[in-house]
Amino acid sequence: MNHEEPETPRLTVIGTGYLGATHAICMAVLGFEVLGVDVDQHKIDRLASGEVPFFEPGLPELLGKALDSGRLRFTTSFEEAGAFGDVHFVCVGTPQQAGSDAADLSYVDAAVRSLAPHLRRRALVVGKSTVPVGTAARLTGLVQDLAPAGKDVELAWNPEFLREGFAVDDTLRPDRMVFGVTSDWADERLRAAFKPVLDLGTPVVRTDLATAELVKVAANSFLATKISYINAMAEVCEAVGADVKDLADSLALDDRIGGKFLKPGLGFGGGCLPKDIRAFAHRAEEIGVGQAVSFLRQVDAINRRRRARTVDLVRELLGGDFAGKRIAAWGAAFKPNSDDIRDAPALDVAHTMHELGGDVRVYDPAALGNARGAFPELRYGESPFDVARDADVVVLLTEWSDFREVDPRALAQVVRQRRIVDGRHALDAAQWRAAGWEYRALGRS
């Protein structure tokens, strides 16, 4: 390692959205000096005042601790970031492009273009954002062209594997780390930047830039495929009168397959899986290997079908028509322990039922604010019981524990009809049926 460089590097985190804020806070708690950087002054002000602008269990407490320690600060100045940091983490979003399956790299490019002119000494720029393979090689050229330090600035890729709702644990105690590097120096700098995490015995895969870029989309594609596989089996079960839950339970006991993500129901949503598999298929087509991942188009199609099939199941229970029927929609976030409504199957289904004439009322423990902003035409309530009052059917759309813990006998006292559609296979069917409810779920006889 260059003798001029500090053994413990100072870190900047470019982008303070979900990934960036979590990374900055956790690294400061681990003992590093961290500067969070964003172009959004409002976001910076909120974080600096101790407020996490999204729902993530455990993170607000850590933000308070990090700010109190004096090791975490926030700024909108890239000049300050360039002067401060030894290792710069790029954590901005890569959403799906409007009108295309491709990833929108404008935020990544803007972050690098804003930072590079202020890199006047040897430094490492580390991408954490999910990007199409080949992006890191292109950005290496860009950063070295724009930085006064030129080739003394290197670029590495270190994909993130955060699960919303478990992001703190996934940052502090990850199951693996991937370092995409082009030199021993970059590898040493990354190891210094993650020393407390690596000291726990976390396995590291050192690889090239392209492989590091592929790891995240490959992992997400595998998970998406597993979810869509069991949902495809649910469609088969419906056709023959079989039970997909028993089928899934049987498959899960095979240790080659395992039960994680083998959960039938409404399918996946959120800001990662849907856009990542589309961007991966799009990029594979661009580089001439589209056929290799063409199955991802089917994975996406199966997933989209689950939403329409859930609406069909509710319609069936209502006797073929939504008009004038009162529907309790339990859930808005794409998954529990999150307020993220990006590509949320729950809101998609609720909105569709509303469009078909249903009187839909939505409740979610964390995502109501975001849901109201995105779907002002829907009605909202204060609790699972509140939205279920006089309901003709209750539809569970996000598997929060709040909904799993509802007593079916108590709920029976407030609804008009004892009918429930379990869109997430989260409830005990026997318990609900014993309390006089007509219970339905996709792929269950």
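Think of each chain on its own: its residues are numbered from 1, step by step along the sequence as written. Only residues with pLDDT of 70 or above have their local features reported here, since the model is predicted, and side-chain atom pairs are shown and tallied only from 80 upward, although totals for entire chains, interfaces and linings are computed over all residues. Note that the side-chain values use all heavy atoms of the structure and ignore hydrogens as well as water.

Draft legend 1. Inspection of the nonpolar core at higher detail. Within the largest apolar cluster, 56 residues are counted, with the highest numbers of intra-cluster contacts made by Trp330, Met353, Val394, Leu411, Trp432 and Trp437. The biggest single contributor to this core is helix 14 (residues 345-355), with five residues. Core analysis: the second largest hydrophobic core is formed by 43 residues, Leu11, Val29, Leu172 and Leu198 among them. Side-chain atoms within 4.5 Å link the members of a nonpolar core, which is a set of buried Ala, Val, Leu, Ile, Met, Phe, Trp, Tyr and Cys residues. Per-residue accessibility, obtained with a 1.4 Å probe over protein chains only, is compared with the maximum for each type, and a residue is labelled buried under 20%, exposed over 50%, and partly exposed between these values. Under the DSSP-based scheme used, a helix requires at least four consecutive residues in state H or I and a strand at least two consecutive residues in state E, with every element numbered from the N terminus.

Draft legend 2. Fine view of the pairing of strand 10 (residues 359-363). The buried count for strand 10 comes to four of five residues, which makes it a mostly enclosed element. Pairing analysis gives two bridges linking strand 10 to strand 11 (residues 379-380), with the strands arranged parallel. When the sheet's bridge partners are listed, arginine 361 is paired in strand 11 with arginine 379. Seen with the strands pointing away from the viewer, any crossover whose path from the first strand over the helix to the second strand runs clockwise is right-handed. Traced from strand 10 through helix 15 (residues 368-374) to strand 11, the parallel crossover comes out right-handed. Between any two strands, pairing holds if DSSP finds at least two bridges.

Draft legend 3. Quick look at the sheet that holds strand 11. Sheet architecture is open: six strands sit in the order 11-10-9-12-13-14, paired in parallel fashion. At either end of the open sheet lies a strand with only one pairing partner, and these are strand 11 and strand 14 (438-440). Pairing geometry for strand 9 (residues 326-330) and strand 10, over five bridges, is parallel. Counterpart to alanine 329 in the pairing with strand 10 is valine 362. By definition in these notes, contact holds between two residues if any of their heavy atoms fall within 4.5 Å. Here an axis means a line fitted to C-alpha atoms, over the contact stretch when the element is a helix, while the angle between two N-to-C directions is reported on a 0 to 180 degree scale. In this fold helix 13 (residues 295-317) packs onto strand 12 (393-396), strand 13 (419-422) and strand 14, with an angle of close to 165 degrees to the strand it touches most, strand 13. Relative to strand 10, helix 14 is tilted by about 160 degrees, and along the sheet it contacts strand 9, strand 10 and strand 12.

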